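A structural walkthrough
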Amino acid sequence: MVKRAFDLLIAVAVSLMFAPLILVIALIIRLKIGRPVMFKQLRPGLHAKPFHIYKFRTMSNKKDEQGILLPDALRLSNFGRVVRSTSLDELPSLWNVLNGEMSLVGPRPLLMEYVPLYSKEQARRHNVKPGITGWAQVNGRNAISWEEKFKLDVWYVDNQSFWLDIKIIMLTIKKVLKRDDVNAAGEATMSKFTGSQNQ
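Being a predicted model, the structure only gives us computed values, none of them experimental. (Residues numbered from 1 in each chain as written. Predicted model: local features only at pLDDT ≥ 70, side-chain atom pairs only at ≥ 80, totals over all residues. Heavy atoms only, no water.)

Description of the overall build of the protein chain
- Each helix and strand in the protein chain was counted, giving seven helices and four strands.
- Its helices and strands in sequence order give the protein chain the pattern α-α-β-β-α-α-α-β-β-α-α, from N to C terminus.
- Taking 199 residues into account, the globule formula puts the C-alpha radius of gyration at 16 Å, and the protein chain, at 17 Å, falls close to it.
- For the protein chain, the spread of C-alpha atoms along the principal axes amounts to about 45 × 45 × 30 Å.
- Burial status across the protein chain gives 43% buried among its 199 residues.
- Considering only contacts within the protein chain whose residues lie at least 6 apart along the sequence, 70% involve residues at least 24 apart. (Helix = DSSP H or I, 4+ residues; strand = E, 2+ residues; numbered from the N terminus. Rg over C-alpha atoms; globule rule 2.2 N^0.38 Å. Buried < 20%, exposed > 50% of the residue type's maximum accessible area, 1.4 Å probe, protein only. Contact = heavy atoms within 4.5 Å.)

Put into C-alpha cells, the structure is as follows:
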C-alpha cells in the first residue's frame with residue numbers, strides 16, 4: 001500500500017511538473033520523426049500478464065530495399081538518441097504507473113517473446129510489478145549481460161523495500177544526468193535475448 005501510494009504521488013507530481021516538456025517533446029517528434037508520436041507495445045507485467053506500455057517514439061520506420069526495418073542504430077535519430085539517453089522517452093510510462101500496470105521501481109518490462117525463454121529463477125522477475133527504473137538499470141543498464149541483468153532483477157524481488165526504491169530513484173537521477181545509455185559495444189539498445197545457456 002505504501003509503495004502504491006508513493007507511486008501515485010510521484011507519478012502525478014512528475015506528470016504535472018513535466019507537462020509542458022512532454023508537449024514540446026511530442027511536437028518535436030511529430031516534426032522530426034513523424035507519426036505516431038507514442039510507441040505502444042505489449043509487454044509482460046505482474047505475473048507476466050500482458051499490458052500495453054507507452055513511451056515516446058525515438059526511431060524512424062526506415063526500411064531497406066527488401067522492406068525490412070533497418071537496424072536500431074540506423075533508425076535512431078539524433079533527437080531520439082538525446083531523448084533516450086536522458087530517459088525522457090519514459091515519461092509516457094507514467095500513465096502505466098497511474099493505471100497500476102507498472103511501478104516507479106521494479107524490473108524493466110521486456111518483450112513478450114522473452115517470457116518462455118526465462119529459466120525458472122529468471123522468471124521470478126515477474127513476481128513484482130515492472131518498473132520505469134530498477135536495480136539493474138542503476139547497476140549497468142545496457143552495459144551488462146542479460147544474465148547479470150536478470151540476477152539483479154531477482155535480487156530486487158527478494159530485497160525490495162521502500163528505502164531501496166528511494167535509493168534506486170536517486171541513483172537513476174544521477175545516471176540520467178550523466179546520460180549513461182550505451183552498452184559495452186557502444187550500442188544504444190541491447191541485443192535480443194535468446195535464452196540462457198545454463199537453463
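Digging into the nonpolar core
- Phe56, Leu104, Tyr156 and Ile168 are the most contacted members of the largest nonpolar core, which totals 25 residues.
- Within the residue set of this core, elements represented by two or more residues are helix H1 (2-17), helix H2 (19-32), strand S2 (50-56), helix H5 (94-98), strand S3 (103-105), helix H6 (146-159) and helix H7 (162-178).
- With near-sequence residues (within four places) excluded, Leu104 lies in contact with Phe6, Asp7, Ile10, Leu94, Val97, Gly131, Ile132, Thr133 and Ile169.
- Residues Leu111, Tyr114, Trp146 and Phe150 belong to the second largest nonpolar core, which totals seven residues. (Core = buried A, V, L, I, M, F, W, Y, C linked by side-chain atoms within 4.5 Å.)

Description of a nonpolar patch on the surface
- There is a patch of nonpolar side chains on the surface, built from Val2, Phe162 and Trp163 and spanning about 360 Å² of accessible area.
- With respect to the element layout, Phe162 can be found in helix H7.
- With relative accessibility at 32%, the residue Phe162 sits in the partly exposed group. (Patch = residues over 30% accessible without salt bridge, like charges linked within 9 Å, V, L, I, M, F, W, Y side chains within 5 Å. Areas by Shrake-Rupley, 256 points an atom, 1.4 Å probe, with all protein chains shown as cover. Salt bridge = Lys/Arg side-chain N within 4 Å of Asp/Glu carboxyl O.)

Regarding the pairing of S2
- In this sheet, S2 lies alongside strand S1 (residues 38-44) in antiparallel orientation, the contact comprising seven bridges. Residue Gln41 lies in a different strand from S2, and its bridge partner there is Ile53.
- Counted between consecutive antiparallel strands, the loop separating S1 from S2 contains five residues, among which His47 sits at a positive phi close to 60°. (Pairing = 2+ DSSP bridges.)

A short note on unusual backbone geometry
- Despite not being glycine, Ala48 shows a phi value in the positive range, around 65°.
- Within the secondary structure layout, Ala48 lies in the loop between S1 and S2.
- By relative accessible area, which is 21% here, Ala48 ends up partly exposed.
- Positive phi outside glycine occurs at Ser87, with the angle close to 65°.
- By the element assignment, Ser87 lies in the loop between helix H4 (78-85) and H5.

Notes on the confidence of the model for the protein chain
- In the predicted model, the protein chain carries a mean pLDDT of 87, and 91% of its residues have values of at least 70.
- Helix H3 (residues 72-75) is the least confidently modelled element of the protein chain, averaging 71 in pLDDT, while S3 averages 97, the highest of any element.
- Predicted confidence for residues 182-187 stays below pLDDT 50, and this span has 10 contacts to residues more than four positions away or in other chains. (pLDDT = per-residue confidence, 0-100.)

Quick notes on H7
- End to end, H7 covers 25 Å across 17 residues, agreeing with the expected 24 Å (1.5 Å per residue, within 8%).
- Residues of H7 that are buried include every one of Leu164, Asp165, Ile168, Ile169, Thr172 and Lys175, and no others. For H7, the buried positions fall inside an angular range of 140° around the axis, keeping them on one side. For H7, the exposed residues lying more than 90 degrees away from the buried face are Trp163, Met170, Lys174, Leu177 and Lys178.
- Those residues of H7 that are buried lie in contact with H1, S3, strand S4 (131-133) and H6. (Expected span 1.5 Å × (residues − 1). Arc of directions from axis to C-beta.)

Points about the packing of H6 against H7
- Closest axis-to-axis distance for the H6/H7 pair is 10 Å, and the angle between their directions is 140°. Between H6 and H7, the angle is such that the two are oblique. Along its contact with H6, which presents Trp155, Tyr156 and Asn159, the element H7 presents Leu164, Asp165 and Ile168.
- Class assignment for the residues of the contact of H6 with H7 results in four nonpolar, one polar and one charged. (Axes fitted to C-alpha atoms, helices over the stretch in contact; angles between N-to-C directions. Parallel < 35°, antiparallel > 145°, perpendicular 65-115°, else oblique. Nonpolar A, V, L, I, M, F, W, Y, C, P; charged D, E, K, R; others polar.)

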